[in-house]
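Listed here are the chains, written in short residue letters.
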Amino acid sequence: MKISRLSMVFIAITLIFGLTGPSASEDINPEFKDLLREGLRTKGSVQLERFLSLDATQKFCSDSNVNINSDEAGQLMSKALQQIQYPADGSYLGDWTEGEKIAQSGKGLRFNDTNDTENGGNCYACHQIRKDELAYGTLGPSLYQYGKLRGYSDEVLRYTWAKIFNPQAFLMCSNMPRYGHNGILTVKQMRNILALLLDPQSPVNE
Ligand code: HEC
């Protein structure tokens, strides 16, 4: 009995994790919620509440019959696009050396972090970033030569900012975290990440 309860909690974590983000909704089965409350607790910067309530996007993407080409997906995506906050002064590029540290850092939002821990972007867990990198994840496409291949136009800057702010404004149920939308990265960190991808001097664009 104990083992099956525990494994249900693990399944729940697996299902909910990766879909990211807070906000209220009461659609999780109440008994299942009780089970989660019993098996999980808030520790460090991991909030129990995050596992108990899903926002509209998470709810939509958690449906086993999800259709990302449906009208509902289209509505969620256009809402996400409207909610993107671009840098107020129109300057997108910070310092790529700082951006690289953020991209290679998996710190933040873990149970052994505190609320003061500066979040990393963990980009390397899913993307290749530079040519001489030894280890990186391949869930996402390689970002090597990101700017060199696409050019450094205002449109590319704006799209890249928006994509990192909320990937689901462009691809419903993307596996990539919603860095701006969920407040994972600050505006300053976003600028440094943009420089990593779109400063011609960055090693990404060698
Ligand atoms: C959990 C895995 C994951 C993490 C972490 C992640 N990404 Fe992604 N990313 C993806 C996937 C999968 C795609 C392709 C699907 C899509 O477009 O959403 C993608 C797509 C992108 C694209 C669009 C590429 C294009 O050609 O349009 C950019 C830019 C990007 N990621 C940048 C980043 C940056 C910068 C970070 C770190 C701040 C990051 N990603 C972290 C999984 C991830």
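Overview of the structure. This is a predicted model, so every value here is computed, not measured.

## A short note on the site of the ligand
Then, in step 1: Around the ligand, the surrounding shell holds 21 residues, and the nearest of these are Cys123, Cys126, His127, Tyr159 and Met176.
Then, in step 2: Counting residues per element, the ones that place at least two in the shell around the ligand are α7 (146-150) and α8 (154-165).
Then, in step 3: Among the elements that take part in the shell around the ligand, α8 stands out by supplying 3 residues, more than any other.
Then, in step 4: Split by residue class, the shell around the ligand holds 13 nonpolar, 6 polar and 2 charged.

## Let's talk about unusual backbone geometry
Then, in step 1: Even without glycine at this site, leucine 109 takes up a positive phi of about 60 degrees.
Then, in step 2: Position of leucine 109 among the secondary structure elements: in the loop between α6 (96-103) and α7.

## Some thoughts on the pattern of salt bridges
Then, in step 1: Per the stated rule, a full pass over the model turns up 7 salt bridges.
Then, in step 2: Measuring nitrogen to oxygen at the nearest pair gives 3.0 Å for the salt bridge that ties aspartate 89 to arginine 191. Taken as a pair, aspartate 89 in the loop between α5 (71-82) and α6 and arginine 191 in helix α9 (residues 187-198) lie far apart in primary sequence, 102 residues in all.
Then, in step 3: The residue aspartate 113 makes a salt bridge to arginine 110 at a minimum N-O spacing of 2.8 Å.
Then, in step 4: For arginine 110, a relative accessible area of 35% corresponds to the partly exposed category.

## A word on the coordination of the iron atom of the ligand
When a metal carries six donors in an octahedron, the ideal angles between them are 90 or 180 degrees, while four donors in a tetrahedron ideally lie at 109.5 degrees.
Then, in step 1: Within the protein, the iron atom of the ligand binds to His127 (NE2) and Met176 (SD); these donor distances fall in the range 2.0 to 2.2 Å.
Then, in step 2: Each of the 6 donor atoms bound to the iron atom of the ligand contributes to angles spanning 84 to 179 degrees, and the resulting shape is octahedral. Of this pair, histidine 127 sits in the loop between α6 and α7 while methionine 176 sits in the loop between α8 and α9, and the two are 49 residues apart along the sequence.
Then, in step 3: Look at histidine 127 and you get buried, because its relative accessible area is 10%.

Cut-off values and rules
Residues numbered from 1 in each chain as written. Predicted model: local features only at pLDDT ≥ 70, side-chain atom pairs only at ≥ 80, totals over all residues. Heavy atoms only, no water. Near = heavy atom within 4 Å. Helix = DSSP H or I, 4+ residues; strand = E, 2+ residues; numbered from the N terminus. Nonpolar A, V, L, I, M, F, W, Y, C, P; charged D, E, K, R; others polar. Salt bridge = Lys/Arg side-chain N within 4 Å of Asp/Glu carboxyl O. Buried < 20%, exposed > 50% of the residue type's maximum accessible area, 1.4 Å probe, protein only. Donors = N, O, S within 2.8 Å, 3.2 Å for Na, K, Ca; no water. Tetrahedral: all angles 85-135°; square planar, octahedral: opposite > 155°, others 65-115°.

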